[in-house]
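Coordinate analysis (summary)
Residue-level listing of the chains:
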Amino acid sequence: MAQLDPKIPSGPLAEKWRKHKMDIKLVNPANKRKYEIIVVGAGLAGSSAAATLGELGYKVKNFVFHDSPRRAHSIAAQGGINAAKNYQNDGDSVHRLFYDTIKGGDYRAREANIHRLAEVSVNIIDQCVAQGVPFAREYGGLLANRSFGGAQVSRTFYARGQTGQQLLLGAYSALSRMVGSGAVELNTHSEMLDLVVVDGHAKGIIVRDLTTGVITAHSADAVILATGGYGNVFNLSTYARGSNTTAIWRAYKKGACFANPSYAQIHPTCIPVSGDYQSKLTLMSESLRNDGRIWVPKNKEDCGKPPASIPEADRDYYLERMYPAFGNLCPRDIASRAAKRVCDEGRGVGETGLGVYLDFADAIKRLGEAGVRERYGNLFDIYHEITNENAYKVPMRIFPAVHYTMGGLWVDYNLMSNLPGLFVLGEANFSDHGANRLGASALMQGLADGYFVIPYTVGDYLAGQKPNSRPSVNSHEFVKAIADVESSVARFLSNKGKEPVSYYHKRLGKILWQHCGMARNKAGLEQGIKEIAQLREEFWANVKVPGSADTLNQSLEQAGRVADFLELGELMCRDALSREESCGCHFREEYQHPDGECKRDDENFSHVAAWEYQGEGKTPIRNVEKLNYEFTKMSVRNYK
Amino acid sequence: MSSEKNSKSISVTLRVWRQAGPNKPGQFVEYPAHNLSPNMSFLEMLDVVNDELTVKGQEPIAFAHDCREGICGTCSLVINGEPHGPHEGVASCQTYIRSFADGEVVTIEPFRAAPFPVIKDLVTDRSAFDKIQQAGGFITARAGSAPDANATSISKVDADLAMDAAQCIGCGACVAACKNASAMLFVAAKVSHLGILPQGQAERDKRVLAMVNTMDDLGFGGCTNQYECSAACPKLISHDFISRLNGDYIAASFRSMFKQAPAQTDGGAG
Ligand SMILES: Cc1cc2nc3c(=O)[nH]c(=O)nc-3n(C[C@H](O)[C@H](O)[C@H](O)COP(=O)(O)OP(=O)(O)OC[C@H]3O[C@@H](n4cnc5c(N)ncnc54)[C@H](O)[C@@H]3O)c2cc1C
Ligand code: FES
């Protein structure tokens, strides 16, 4: 069994991080350049980490599968980033952000981590402004804020509808400065395909150059994975097509525990699916819920009618009706399930019946079309581009889609996994969002991890490692890992199958959406596990990967990623099956209150499930980290 | 015509640039694409064609893409001679089949420019843009050293103008559209974004000189004011920023002739 010591510092909640920073070991400045750190990923988490560690004097090697760090999926975040600045004087505070986050996560995350996140949130905004991130401003010149799903204060900072882009470009510019100065070595088009573990410590990675096919080994004193989320396991999602699980999945197979894999967030406001060819679902930022009102017809018979012809009295603004206190701003999991419920009742709209209206008519009356355009113009443009509809005139149609994965590799308070020397940042770890993430909190977490946490905590580990003691890439662990990667590449290319990779990816997505999506139950999950195992067999028997290993080969890239998804999907079902309660995004139909809300079982499930790989074909071990709530009272989440 | 309401599907013939690798000869190859829904995106059409090629045992067409919503800057197709296709203000991934006519021949090429060598088929190497950024596209701000974010107020007008420039997605369409393969719009966008803000003043001269000189060294051509760049830009970034860049560059060159770079720059406002 893996040892899961969360290493939470003792003392009062608000003192823990300060005290911990005093207590942890430091690496002296002259020694820093003797340590090499590998950072895989350059999204918000990876680029902020690589830049900051380079600035501190460590030798950093950064790897991304993209052609540039600026392409990371973080670029697509639209709505904003939270911080407890209380610039609006509306009652926000570190404690309130902490409380909202822990409650939003349905009491399935660690108090100490979240409190630290809320504390450093204020430094993030300072840092980003200093780098030149052009956040929205008020006419007086001060920073503007808006409110976001699950919060009753305005604490979200934003840059039009392109907040992720601007934050990433800020971090990318810091990283570029370090690359230019020689402190960071940047390797683009470089996909990590294995983690190398030497004497129980993570000491390197195996990388394939996607343009030449050359496979190389890299050793280091510590390895940081900041490789993003795995929502593309569902095939259709709001993620960029390239986002995948490979880095963390291969680390899992080398001994790192995978925590809460089934916690996948389904976002309520996305453009509905239109056809079988569809490759992605586009998010309509949740900030739209500030001014848009969500409704469906009260009567099924009205669903096919033009929305304007349906009188007010026949519309059901169901979120406002069910959750009067939060209304359209209730958390994502709740809004998504409510949409599913009204569509299941046959009151969904659009061609497929899988859609609800997001209506701006009232906002246009209040703010004028120009006012709405000022706030959301680019989102309305995107909507028009995709659907050919003008949302200033007819309500948008939206439906929930997979958007974020709260699960990820298990890490302790230092963001180190159970494998010493392996750190995991950003969406790739499991740490701060419990069973549901609040809007605008992922960007906050990624930058908190990279700019403000890892620069301290990596030192604590490295101080215990002799300088210049990293293993040679000629040692047998590296040699074997290279041979394994080479043989898996060869296996794909020599497979005499008939179907393209996408055929299996689509089918996997459908199985997961049906059995491990917005509503789950025992029989369905058991069925899902069976179907995925079967699909995996078919995949290996019949997948066709054309082309060769020594040039750019996108089919080969895709095949490796989907092979990993086919294993991860099963683990997600297993995790959802073993969690016999409902919490946050994880809704087990067997465990609900009479009004259809989640029924948590704090006595038996107030814990993190961290899965430990046991080898091919063997059932993994479910380790448990108990969550101790010392400072907050676990209550039933109530947004009514 | 057709009795099905919303699904008047169309067929087109694709003329696609195929090139096995860098420095290999390339050629156009024709592929039929049938039964396309008007609501399909252009890249989804390529996915479908690629799956058909795979099943037939042929190599799929390599093309770059990721976010598929116009923000990552990865997609980079020249469609019927126009970078990012027929529509203004969108990227290739935001181009939909409804923009094409039944029976049309659609030509697809990579972004062509000497500093963007072809890697394979429609995929090019645009790392030159990263190199320009590394030369100076930043404001030095060590993590942990920043003052309170509201300590310096910035007028909404300046913040908005900086944001107009900062929207650049780094796709390179401006270079592909320019007969001189100039990267001026790209560099102008970055230089303006940082140069408009008070935080960006301390390094302003150094930044513009370093970025422009690196751009020249990498083989991008000069600007002859044709403004094909801003017309092709998926974010419609204005060529007014190029005038601003020229002004900044001249001022910085002038100042650098008379002034030795100080040993240490002030922290500036940021
Ligand atoms: C459409 C959309 C909108 C969003 N809007 C918001 C928002 O408004 N506010 C908010 O807080 N959050 C938002 N999110 C969530 C947020 O954007 C992400 O959770 C966050 O950006 C993830 O950052 P990251 O650094 O962890 O990973 P990513 O940005 O995904 O970066 C992953 C990096 O890892 C690299 N990588 C991955 N695997 C490998 C490998 N095997 N080898 C080498 N490199 C690898 C990639 O090249 C990339 O550089 C949104 C998400 C989506 C999908
Ligand atoms: S794929 Fe990201 S901009 Fe087109």
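Calculation notes
- Residues numbered from 1 in each chain as written.
- Chains lettered and ligands numbered in written order.
- Predicted model: local features only at pLDDT ≥ 70, side-chain atom pairs only at ≥ 80, totals over all residues.
- Heavy atoms only, no water.
- Helix = DSSP H or I, 4+ residues; strand = E, 2+ residues; numbered from the N terminus.
- Expected span 1.5 Å × (residues − 1).
- Buried < 20%, exposed > 50% of the residue type's maximum accessible area, 1.4 Å probe, protein only.
- Contact = heavy atoms within 4.5 Å.
- Near = heavy atom within 4 Å.
- Polar contact = N/O pair within 3.5 Å; in protein donor to acceptor, adjacent residues only side chain to side chain.
- Areas by Shrake-Rupley, 256 points an atom, 1.4 Å probe, with all protein chains shown as cover.
- Nonpolar A, V, L, I, M, F, W, Y, C, P; charged D, E, K, R; others polar.
- Phe/Tyr/Trp six-rings, centres within 6.5 Å; stacked < 30°, edge-to-face > 60°.
- Lys NZ or Arg CZ within 6 Å of the ring centre and 35° of its normal.
- Axes fitted to C-alpha atoms, helices over the stretch in contact; angles between N-to-C directions.
- Parallel < 35°, antiparallel > 145°, perpendicular 65-115°, else oblique.
- Left-handed = near helix turned anticlockwise from the far one by under 90°.
- Domains from an automatic or database assignment.
- Buried area = accessible area lost by both parts, 1.4 Å probe.
- Salt bridge = Lys/Arg side-chain N within 4 Å of Asp/Glu carboxyl O.
- Pairing = 2+ DSSP bridges.

Residues and elements named next belong to chain A. With 13 residues, helix H9 (residues 332–344) extends 18 Å between its outermost C-alpha atoms, agreeing within 8% with the 18 Å of an ideal straight helix rising 1.5 Å per residue. Of all the 13 residues making up H9, ten are buried; the element is thus mostly covered by neighbouring parts of the structure. Buried residues of H9: Arg332, Asp333, Ile334, Ala335, Ser336, Arg337, Ala338, Ala339, Val342 and Cys343, and no others. Elements in contact with the buried residues of H9: strand S11 (264–270), strand S12 (293–297), helix H8 (318–322), strand S14 (356–359) and strand S15 (396–405). Of the residues trailing H9, glycine 346 is marked for its positive phi of about 90°.

Another point: the site of ligand 1. All names here are of chain A. Inspection of the region around ligand 1 gives 36 residues, with His66, Ser74, Met192, Glu427 and Leu443 positioned closest. In this structure, a nitrogen atom belonging to ligand 1 sits 3.2 Å away from a main-chain N or O atom of phenylalanine 65. A distance of 2.8 Å separates an oxygen atom of ligand 1 from a polar backbone atom of glycine 79. Isolated, ligand 1 exposes 1000 Å² of accessible area, and the fraction of that covered by the protein chains is 98%. Elements represented by at least two residues in the shell around ligand 1 include exactly helix H3 (44–56), strand S6 (190–198), S15 and helix H11 (442–462). Of the residues forming the shell around ligand 1, the biggest block, three residues, is contributed by S6. Taken together, the residues that form the shell around ligand 1 break down as 18 nonpolar, 15 polar and three charged.

Here we take up the packing of aromatic side chains. Residues and elements named next belong to chain A. Going through the model one piece at a time under the given rule, you end up with 29 aromatic pairs over all chains. By the ring-pair criterion, three or more aromatic residues cluster together here, those being Tyr230, Trp249, Tyr252, Phe258 and Tyr613. The lysine or arginine in question, arginine 437, covers the ring of tyrosine 404, its NZ or CZ lying 4.1 Å from the ring centre.

A separate point is the packing of helix H14 (residues 522–542) of chain A against helix H15 (residues 554–578) of chain A. Two packed helices can be described by the angle between their axes and the distance between those axes. All names here are of chain A. Following both chains from N to C, one finds H14 and H15 inclined at 160°, their axes separated by 9 Å at the closest point. On the basis of the axis angle, H14 is roughly antiparallel to H15. The hand of the H14/H15 crossing is left-handed. Seen from H14, the contacting residues are Lys522, Leu525, Glu526, Gly528, Ile529, Ile532, Ala533, Leu535, Arg536, Phe539 and Trp540; seen from H15, they are Ala559, Val562, Ala563, Leu566, Glu567, Gly569, Glu570, Cys573, Arg574, Ala576 and Leu577. Its residues placed into classes, the contact of H14 with H15 shows 14 nonpolar, two polar and six charged.

On to the domain arrangement of chain B, then. Residues and elements named next belong to chain B. What the domain assignment reports for chain B is domain 1 (2–120) and domain 2 (127–257). Computed over C-alpha atoms only, the centres of domain 1 and domain 2 are separated by 30 Å. At the interface, 16 residues of domain 1 touch 20 residues of domain 2. Taking both partners together, domain 1 and domain 2 bury about 1300 Å²; carbon and sulfur atoms supply 69% of that area. Among the residues domain 1 hides against domain 2, the three largest losses belong to Pro83, Pro115 and Phe116. Together they make up 36% of the total. For the pair domain 1 and domain 2, the interface holds zero salt bridges. Across the domain 1-domain 2 interface, the total number found is one residue pair in polar contact (both at pLDDT 80 or more).

Residue and element names in this part refer to chain A. Enumeration over the complete set of coordinates arrives at 59 salt bridges over all chains. Between aspartate 67 and arginine 71 there is a salt bridge, with the nearest N and O atoms lying 2.9 Å from each other. Note on arginine 71: relative accessible area 2%, which makes it buried. Among the ionic pairs, arginine 332 bridges to glutamate 286, the shortest N-O distance being 2.5 Å. Residue arginine 332 is found in helix H9, and its partner glutamate 286 is found in the loop between S11 and S12; the two are separated by 46 residues along the sequence.

What follows concerns the domain arrangement of chain A. Residues and elements named next belong to chain A. With domains assigned, chain A is organised as domain 1 (267–403) and domain 2 (476–605). Computed over C-alpha atoms, the centres of domain 1 and domain 2 are 30 Å apart. At the junction of the two partners, domain 1 supplies twelve residues and domain 2 supplies twelve residues. Each partner contributes to the roughly 890 Å² buried at the junction of domain 1 and domain 2, and carbon and sulfur atoms together form 56% of this total. Counting the surface domain 1 buries against domain 2, the share from its top three residues, Asp276, Arg337 and Lys340, is 50%. Put simply, domain 1 and domain 2 have one salt bridge between them. For the salt bridge of lysine 510 with aspartate 276, the shortest nitrogen-to-oxygen distance reads 3.7 Å. Mapped by element, the contributors of at least two residues to the side of domain 1 that touches domain 2 are H9 and S15. Broken down by element, the residue count for the side of domain 1 that touches domain 2 peaks at six residues, all from H9. Across the side of domain 1 that touches domain 2, the residue classes break down as six nonpolar, one polar and five charged.

Residue and element names in this part refer to chain A. Checked against the element boundaries, arginine 108 lands in the loop between helix H4 (94–104) and helix H5 (111–131). With a relative accessible area of 1%, arginine 108 lands in the buried category. At a separation of 2.9 Å, a polar atom in the side chain of arginine 108 contacts the side chain of aspartate 602. A polar atom in the side chain of arginine 108 sits 3.2 Å from the backbone oxygen of phenylalanine 605.

Residue and element names in this part refer to chain A. It is the contact of helix H13 (residues 501–515) with H14, at a shortest axis distance of 9 Å, that shows an interaxial angle of 175°. As the angle between them shows, H13 and H14 are arranged roughly antiparallel. Here Tyr504, Arg507, Leu508, Ile511, Leu512 and His515 of H13 come into contact with H14, specifically with Gly524, Leu525, Gln527, Gly528, Glu531, Ile532, Leu535, Glu538, Phe539 and Asn542.

Residue and element names in this part refer to chain A. As summarised here, the arrangement of the five strands in space is S5-S2-S1-S9-S17, forming an open sheet in which the pairing is parallel. The open sheet has two edge strands with one neighbour each: strand S5 (184–187) and strand S17 (422–424). Going across the sheet, the axis of each strand differs from the next one's by a mean of 20°, ignoring polarity. Where strand S1 (residues 36–40) meets strand S9 (residues 222–225), four bridges bridge the pair, whose relative direction is parallel. Residue pairing in the sheet places isoleucine 38 in a bridge with valine 223 of S9.

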